[in-house]
Amino acid sequence: MSEDRICVGAIAGAYGVKGELRVKSFCAEPDAIGDYSPLWSEDGSRQFALTLDRPIKNGFAARIDGVHTKEDADALRGTRLFADRSALPNLPDDEYYHADLIGLVVLDTGGRELGRVSAVHNHGASDVLEVQGPGLKTGALLPFTLEAVPTVDLAAGRIIADPPKGVFPE
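Residues numbered from 1 in each chain as written. Predicted model: local features only at pLDDT ≥ 70, side-chain atom pairs only at ≥ 80, totals over all residues. Heavy atoms only, no water.

Draft legend 1. Up close: the overall build of the protein. Looking only at helices and strands, one finds two helices and 13 strands in the protein. Its C-alpha atoms put the protein at 60 × 30 × 25 Å along the principal axes. Buried residues in the protein amount to 38% of all 170 residues. Put simply, of all contacts in the protein between residues at least 6 apart along the chain, 48% involve residues at least 24 apart. (Helix = DSSP H or I, 4+ residues; strand = E, 2+ residues; numbered from the N terminus. Buried < 20%, exposed > 50% of the residue type's maximum accessible area, 1.4 Å probe, protein only. Contact = heavy atoms within 4.5 Å.)

Structural data, given as structure tokens:
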């Protein structure tokens, strides 16, 4: 995948029998996914001209050029949709695209390496960084709050963390 693309949604399958798709948006403003066309498959081999028709439960009914049947739409189920970074808005200083956080080194406030961000999760309240590193059998879940993560330095490729007690082994 290109570093110049960000995942903005996914195709959840067919919606109806005339080629409409159910699309999930990962955008802060969900309907903004319609503004970032053309969208790309993860490997960049396919390009999609997406048109949102209307909001539906858990997403949008949408059309993609060349998709005319339920079978065409079902064949795209699970396809993650990526937008060119240049088409996306610039973020305020305290907001980050998840793709920019994955792979960053996580250091504690004393400079000790805790691991690297392997994923970013959001289960409703706020983002949580999954950190994989030495001495961790499973990923440590670090709340992505100003208190627990006071510094994100994208240019240096690192995060300074002040994790709550118990997140990382002592």
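Draft legend 2. Structural detail: the nonpolar core. Grouped together as the largest cluster of nonpolar side chains are 22 residues, with contacts concentrated most on Val8, Ile33, Tyr36 and Leu39. Within the residue set of this core, elements represented by two or more residues are strand 1 (5-14), strand 2 (21-25), strand 6 (59-64) and strand 7 (80-84). When residues of this core are assigned to their parent elements, the largest contribution, four residues, is made by strand 1. Aside from chain neighbours lying at most four places away, what touches Leu39 is Val8, Ile33, Arg46, Gln47, Phe48, Leu50, Leu81, Phe82 and Ala83. In terms of nonpolar packing, the next biggest core, distinct from the first, is built from 19 residues, Leu101, Leu142, Ala148 and Val167 among them. (Core = buried A, V, L, I, M, F, W, Y, C linked by side-chain atoms within 4.5 Å.)

Draft legend 3. Broad picture of the packing of aromatic side chains. Summed over the entire model, instances satisfying the criterion amount to one aromatic pair. Its guanidinium or amino end placed over the ring of Trp40, Arg5 lies 3.9 Å from that ring's centre, counting from NZ or CZ. (Phe/Tyr/Trp six-rings, centres within 6.5 Å; stacked < 30°, edge-to-face > 60°. Lys NZ or Arg CZ within 6 Å of the ring centre and 35° of its normal.)

Draft legend 4. Highlighting the pattern of salt bridges. The full count for this structure, using the stated rule, is eight salt bridges. For the salt bridge of Arg54 with Glu20, the shortest nitrogen-to-oxygen distance reads 2.8 Å. Taken as a pair, Arg54 in strand 5 (residues 50-56) and Glu20 in the loop between strand 1 and strand 2 lie far apart in primary sequence, 34 residues in all. A salt bridge links Asp100 to Arg85, with the nearest nitrogen and oxygen atoms 2.7 Å apart. With Asp100 in helix 2 (residues 98-101) and Arg85 in the loop between strand 7 and helix 2, the pair connects residues that are 15 residues apart, well separated along the chain. Each of Lys70, Asp74 and Arg77 takes part in one network of salt bridges that share partners. (Salt bridge = Lys/Arg side-chain N within 4 Å of Asp/Glu carboxyl O.)

Draft legend 5. Spotlight on the state of the cysteines. Evaluated as defined, the whole model comprises zero disulfides. Considering cysteine sulfurs only, Cys27 is the nearest to Cys7, which forms no disulfide, with 9.0 Å between them. A relative accessible area of 14% places Cys27 in the buried class. (Disulfide = S-S within 2.5 Å.)

Draft legend 6. Structural context of the environment of Ala14. Inspection of the secondary structure puts Ala14 in strand 1. Sequence separation between Ala14 and Arg116 is 102 residues; the distance between their C-alpha atoms is 37 Å.

Draft legend 7. Structural context of the pairing of strand 9 (residues 113-122). Here three bridges tie strand 8 (residues 105-108) to strand 9, and the two strands are oriented antiparallel to one another. Bridged to Val105 within strand 9 is Arg116. Turn length for the strand 8-strand 9 hairpin, with the two strands adjacent in sequence and antiparallel, is four residues, and the turn residue Gly111 shows positive phi of about 90°. With six bridges joining them, strand 9 and strand 10 (residues 127-132) adopt antiparallel strand pairing. Paired with Asn122 across the bridge in strand 10 is Asp127. Connecting strand 9 to the next strand, strand 10, in antiparallel fashion are four residues, including Gly124 with a positive phi near 120°. (Pairing = 2+ DSSP bridges.)

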